[in-house]
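The chain contents come next:
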Amino acid sequence: MGFEKIIFYFFAAILVVSALRVITVRNTVHAALFLVLAFFTTAALWLMLEAEFLAMTLVLVYVGAVMVLFLFVVMMLDIDVSVLRAGFTRYLPVGATVAVVVIIEMSYFLLGGFDNSKFTPVKHGVEYSNTRAIGNVLYTDYLFVFEIAAVILLLAIVAAISLTLRKRKDTRYQTPGNQVKVRKSDRIRIVKDMDTES
Amino acid sequence: MINFTMPDFTQAYPEMFVLAMTCVILILDQFLSDARRSITYYLTQLTVIVAAVLTFNQFGTDTVVTFSGMFVNDSMSVLLKLAMYVVMIGIFLYSRAYLTKRGLLKGEYYALGLFGMMGMMVMISAHNFLTIYLGLELLSLSMYALVAYDRDSMVASESAMKYFVLGAIASGMLLYGMSMLYGANGTLDISAINDSINSGTASKQIQAFGLVFIIVGLAFKLGAVPFHMWLPDIYHGSPTSVTLYIASAPKIAAFAMVMRLLVETMPGLQSDWQTMLIMLAVLSMAIGNVIAIAQTNLKRMLAYSTISHVGFILLGIIAADKAGYSAAMFYTITYAITSLGAFGVIILMSRNGFEADQLDDYKGLNQRNPWYAFVMLILMFSMAGVPPTVGFFAKLWVLEAVINNDMTWLAIVAVFFSVIGAFYYIRMVKLMYFDAPEDEQVLEGSADMRLALSLNGIVVLGLGLFPGSLMALCVAALA
């Protein structure tokens, strides 16, 4: 138990620090990389709860796919961070005061003891498959919410396309139909007797 | 090994139908030219109407909890959904003229609108924290996209950004609170949490801690003070057709969310949430009504008016008995209809390139068009709570419920701020009837728009004259 706690606090500390660095570093690429670190440590914490499938999914989907895309986009964009930070010092006093008040309130409340002995994570044997457990409920008990989550993703696609897709006059795009219909005479001009001209 | 009972799919027919139709509309719209865009519009209205018929078939049936406890169909969900459909038909009808004039009429508006409606249906029928959260996200995401819908408007993009960031924080708060309750009770099912709280074995401390964050999240979504900052900016910055949406139907869904989360899940923590809601309600009524006086923009004024009305709706919840809940439900439904009408008048007054959102634009409306001035007068009186409009009875029953629960001081505070609030509603009436018009342009509007707006005004007046049947429905819905 003692060793497990040490590991937990180790990962938890890295998680908190990297999450803080995501919003404090100046370089956006570094921020994205810190987010990757945060995902990795979260996955480690989930592993400790024996949620192997979720931990792997987090690494594969978020780190492997989402964050790579994210990094790619960040590198493509030319973001002037100083503009984004313009109002920072102006709003800092208000923000910091609220944050401190909330932290004091929460710690005052929580230092009284966070008794949660009623529900402790259940330990399973080696033969227990986390993936199978999720598979058993995903399309049965969680069918309704699973479908709603799918609809939310569809909505996100529709919203993103409707907000960004626009046909501009200066955009060059291909029309496959015209490409197929193209004839030799449209593309090639045969010039005869080049030598004789000179 | 797997303990699973097949869900009763018939209960979710309206949701399934709306989803199928949304996809059909989304695809079909790609093949329509701009001139035939009205097909999309009529299909959308047809979808809402058929969904209403499907929901109406469930009227008066017993409470059914299905989809492994994720989904509930009770008399409250049926009534709130029906009220929401009525408001949605109005929203689509009014916004059509506005969008056409500005060249914004695209299929996406209807698809996003229907997705939002589906989110509200899910929220209203939620019987699990997961369902509530996902329904809320479905609604919120379509709202964010709709606010930014007019891409060439800088103000709209800025509002959408604000709405998105604040909405995400609010969802985070709500989720954090839900996770605390999950930790304390070991379940996300609404009735199971209720049982667990009543059994008294779960940690009271963690529950109270979670409750605070849930209330913060709810207050954000409702727009109650001190979590109201986003509301005026979003109302002001969005295209009026979207403000119309945000200001009306989602209030009904938000009310359902409050009922599910507080009243059905945590009656055991009633004394805790009652105190918190009292603070929110008093602050909302005070700040909403006082700051509204200083507004010169009608959309901003109506935003602050919404904040004060949210305070009143919360009063009914605070009363914490059947009479209070049904009064709050009556208030929410009638407020959504009144708000729909008020933004409908703004849309009717607007022309291409001209938003009739300044108070001065309404000067002398009576001389320009006496009938719509009268409709606006009814709507303003209803919001102020002047008899015989419906707003009077809505306020009366909420106050009655509060007084019957020995919170007379709260009722006095509410009446005090309502009187202050009456000032800015009656100022509108003064502008319309006693000032000379500055703008002589004839009001233009399609026949269906004019008819619907007239009907909207008549409904607000008619419900005020005969409030009994709707109130009886509200009472029956909570029985």
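Residues numbered from 1 in each chain as written. Chains lettered and ligands numbered in written order. Predicted model: local features only at pLDDT ≥ 70, side-chain atom pairs only at ≥ 80, totals over all residues. Heavy atoms only, no water.

Quick look at the overall build of chain A
Here is step 1: Regarding its fold elements, chain A presents 10 helices and 0 strands.
Here is step 2: Walking chain A from its N terminus toward its C terminus, one meets helices and strands in the order α-α-α-α-α-α-α-α-α-α.
Here is step 3: Over its C-alpha atoms chain A spans a radius of gyration of 28 Å, topping by over 25% the 16 Å that the globule rule assigns to 198 residues.
Here is step 4: On the principal axes, the C-alpha backbone points of chain A span a range of 100 × 55 × 35 Å.
Here is step 5: Looking at the 198 residues of chain A, the share that counts as buried comes to 17%.
Here is step 6: In chain A, once contacts between residues fewer than 6 apart in sequence are set aside, the share between residues at least 24 apart is 62%.
Here is step 7: Surface summary for chain A: the accessible area is close to 15,700 Å², and the carbon and sulfur share equals 68%.
Here is step 8: Where the 19 positive side-chain charges of chain A centre and where its 15 negative ones centre are 10 Å apart. (Helix = DSSP H or I, 4+ residues; strand = E, 2+ residues; numbered from the N terminus. Rg over C-alpha atoms; globule rule 2.2 N^0.38 Å. Buried < 20%, exposed > 50% of the residue type's maximum accessible area, 1.4 Å probe, protein only. Contact = heavy atoms within 4.5 Å. Areas by Shrake-Rupley, 256 points an atom, 1.4 Å probe, with all protein chains shown as cover. Lys, Arg positive; Asp, Glu negative; His and termini not counted. Charge placed at Lys NZ, Arg CZ, Asp CG, Glu CD.)

Re the packing of helix H4 (residues 107-124) of chain B against helix H11 (residues 249-264) of chain B
Residue and element names in this part refer to chain B.
Here is step 1: Contact geometry of H4 with H11 gives a least axis separation of 8 Å together with a crossing angle of 25 degrees. Taken together, the axes of H4 and H11 lie roughly parallel to each other. The element H4 and its partner H11 pack so that their crossing is left-handed. Side by side, H4 and H11 meet where Met120, Met123 and Ile124 of the first sit next to Ala249, Pro250, Ala253, Ala254, Ala256, Met257 and Arg260 of the second. (Axes fitted to C-alpha atoms, helices over the stretch in contact; angles between N-to-C directions. Parallel < 35°, antiparallel > 145°, perpendicular 65-115°, else oblique. Left-handed = near helix turned anticlockwise from the far one by under 90°.)

Thoughts on the side chain of Asn297(B)
Residue and element names in this part refer to chain B.
Here is step 1: Positionally, Asn297 belongs in the loop between helix H12 (270-293) and helix H13 (298-319).
Here is step 2: On the accessibility criterion, Asn297 (5% relative accessible area) is buried.
Here is step 3: For Asn297, the side chain forms a polar contact with the main-chain nitrogen of Arg300, separated by 3.2 Å.
Here is step 4: Other than its neighbours up to four places away in sequence, Asn297 contacts His236, Asp357 and Gln358. (Polar contact = N/O pair within 3.5 Å; in protein donor to acceptor, adjacent residues only side chain to side chain.)

Looking at a nonpolar patch on the surface
All names here are of chain A.
Here is step 1: A cluster of nonpolar side chains, contributed by Leu47, Met56, Leu60, Val61, Tyr62 and Val66, occupies part of the molecular surface with about 530 Å² of accessible area.
Here is step 2: Here the element with the most residues in the nonpolar patch is helix H3 (residues 52-76); it accounts for 5 residues.
Here is step 3: Positionally, Leu60 belongs in helix H3.
Here is step 4: The exposed category is assigned to Leu60, whose relative accessible area is 62%. (Patch = residues over 30% accessible without salt bridge, like charges linked within 9 Å, V, L, I, M, F, W, Y side chains within 5 Å. Salt bridge = Lys/Arg side-chain N within 4 Å of Asp/Glu carboxyl O.)

Some remarks on the nonpolar core
Here is step 1: Counting residues in each nonpolar core, the largest one holds 198 residues, and the members touching the most others are Met88(B), Met117(B), Trp273(B), Leu315(B), Ile317(B), Met329(B) and Tyr362(B).
Here is step 2: The element contributing the most residues to this core is helix H14 (residues 322-349) of chain B, with 18 residues.
Here is step 3: Sequence-distant contacts of Met117(B), that is, excluding residues within four places in its chain, are made with Val18(B), Val48(B), Met84(B), Tyr85(B), Met88(B) and Tyr245(B).
Here is step 4: Membership of the second largest hydrophobic core comes to 11 residues, among which are Val29(A), Phe39(A), Ala55(A) and Met67(A). (Core = buried A, V, L, I, M, F, W, Y, C linked by side-chain atoms within 4.5 Å.)

Section: the pattern of salt bridges
Residues and elements named next belong to chain B.
Here is step 1: In the structure shown here, the tally under the stated rule is 14 salt bridges over all chains.
Here is step 2: Among the ionic pairs, Asp272 bridges to Lys204, the shortest N-O distance being 3.2 Å. One end of the pair, Asp272, is in helix H12; the other, Lys204, is in helix H8 (residues 204-222), with 68 residues separating them in the sequence.
Here is step 3: Judged by its relative accessible area of 47%, Lys204 is partly exposed.
Here is step 4: One salt-bridge network, held together by shared partners, links Glu158, Lys162, Asp233 and Arg300.

Regarding the interface of chain B and chain A
Here is step 1: At the junction of the two partners, chain B supplies 45 residues and chain A supplies 30 residues.
Here is step 2: For the pair chain B and chain A, the summed buried surface comes to about 3,200 Å²; carbon and sulfur atoms form 76% of the total.
Here is step 3: Viewed at the interface, chain A and chain B are joined by 0 salt bridges.
Here is step 4: On inspection of chain B and its partner chain A, the count reaches 5 residue pairs in polar contact (both at pLDDT 80 or more).
Here is step 5: For the side of chain B that touches chain A, the elements supplying multiple residues, two or more each, are helix H1 (13-30), H4, helix H5 (129-147), helix H6 (154-185) and H8 of chain B.
Here is step 6: For the side of chain B that touches chain A, the element with the most residues is H5(B), which contributes 8 residues.
Here is step 7: Its residues assigned to classes, the side of chain B that touches chain A comprises 30 nonpolar, 11 polar and 4 charged. (Buried area = accessible area lost by both parts, 1.4 Å probe. Nonpolar A, V, L, I, M, F, W, Y, C, P; charged D, E, K, R; others polar.)

Digging into helix H7 (residues 190-199) of chain B
Residues and elements named next belong to chain B.
Here is step 1: Buried within H7 are the following residues: Ile190, Ile193, Asn194, Ser196 and Ile197. Taken down its axis, H7 places every buried residue within 165 degrees of arc, on the same side. Across H7 from its buried face, at more than 90 degrees, point the exposed residues Asp195 and Asn198.
Here is step 2: Of the surrounding elements, those touching the buried residues of H7 are H5, H6, H8 and H11.
Here is step 3: Count one or two residues on from H7 and you reach Gly200, which has phi positive near 80 degrees. (Arc of directions from axis to C-beta.)

Quick look at the packing of aromatic side chains
Residue and element names in this part refer to chain B.
Here is step 1: Within this structure, the stated rule accounts for 30 aromatic pairs over all chains.
Here is step 2: Ring geometry for Tyr109 against Tyr110: centres 5.5 Å apart, planes inclined by 90 degrees, an arrangement best described as edge-to-face. One exposure class covers both Tyr109 and Tyr110, and it is buried.
Here is step 3: Relative to Tyr425, the ring of Tyr424 lies with its centre 4.4 Å away and its plane at 45 degrees, an arrangement referred to as tilted. For the pair formed by Tyr424 and Tyr425, the shared burial category is buried.
Here is step 4: These aromatic residues form a ring-pair network of at least three members: Tyr41, Tyr42, Phe92, Tyr109, Tyr110 and Tyr149.
Here is step 5: Sitting over the face of the ring of Phe312, Lys395 holds its NZ or CZ atom 4.9 Å from the ring centroid. (Phe/Tyr/Trp six-rings, centres within 6.5 Å; stacked < 30°, edge-to-face > 60°. Lys NZ or Arg CZ within 6 Å of the ring centre and 35° of its normal.)

Remarks on the side chain of Gln45(B)
Here is step 1: Its location among the elements puts Gln45(B) in helix H2 (residues 38-56).
Here is step 2: Accessibility expressed as a relative area gives 9% for Gln45(B), which makes it buried.

A look at helix H3 (residues 75-101) of chain B
For an α-helix, 3.6 residues make a turn, and residues three or four places apart therefore share a direction.
All names here are of chain B.
Here is step 1: The end-to-end C-alpha distance of H3 is 40 Å, a good match for the 39 Å that 27 residues give at a rise of 1.5 Å each.
Here is step 2: Residue Ser95 marks the point of greatest curvature in H3, where the axis turns by about 30 degrees.
Here is step 3: Burial analysis of H3 places 22 of its 27 residues in the buried class, which makes it a mostly covered element.
Here is step 4: At the exit of H3 stands Gly103, carrying a positive phi of roughly 65 degrees. (Expected span 1.5 Å × (residues − 1). Bend = angle between axes of the 7 residues up to and from the residue.)

A few points about unusual backbone geometry
Residues and elements named next belong to chain B.
Here is step 1: Cis rather than trans, the peptide bond between Val225 and Pro226 has omega equal to 5 degrees.
Here is step 2: One can find Pro226 in the loop between H8 and helix H9 (230-237).
Here is step 3: Cis geometry marks the peptide bond from Pro387 to Pro388; its omega dihedral reads 5 degrees.
Here is step 4: Its place among the elements puts Pro388 in the loop between helix H16 (370-384) and helix H17 (390-404).
Here is step 5: One non-glycine residue with positive phi stands out, namely Ala320, at about 55 degrees.
Here is step 6: Within the secondary structure, Ala320 is located in the loop between H13 and H14.
Here is step 7: Residue Ala320 is classed as buried on the basis of its relative accessible area, which comes to 15%.

Function cannot be inferred from these measures alone, as they are strictly geometric.
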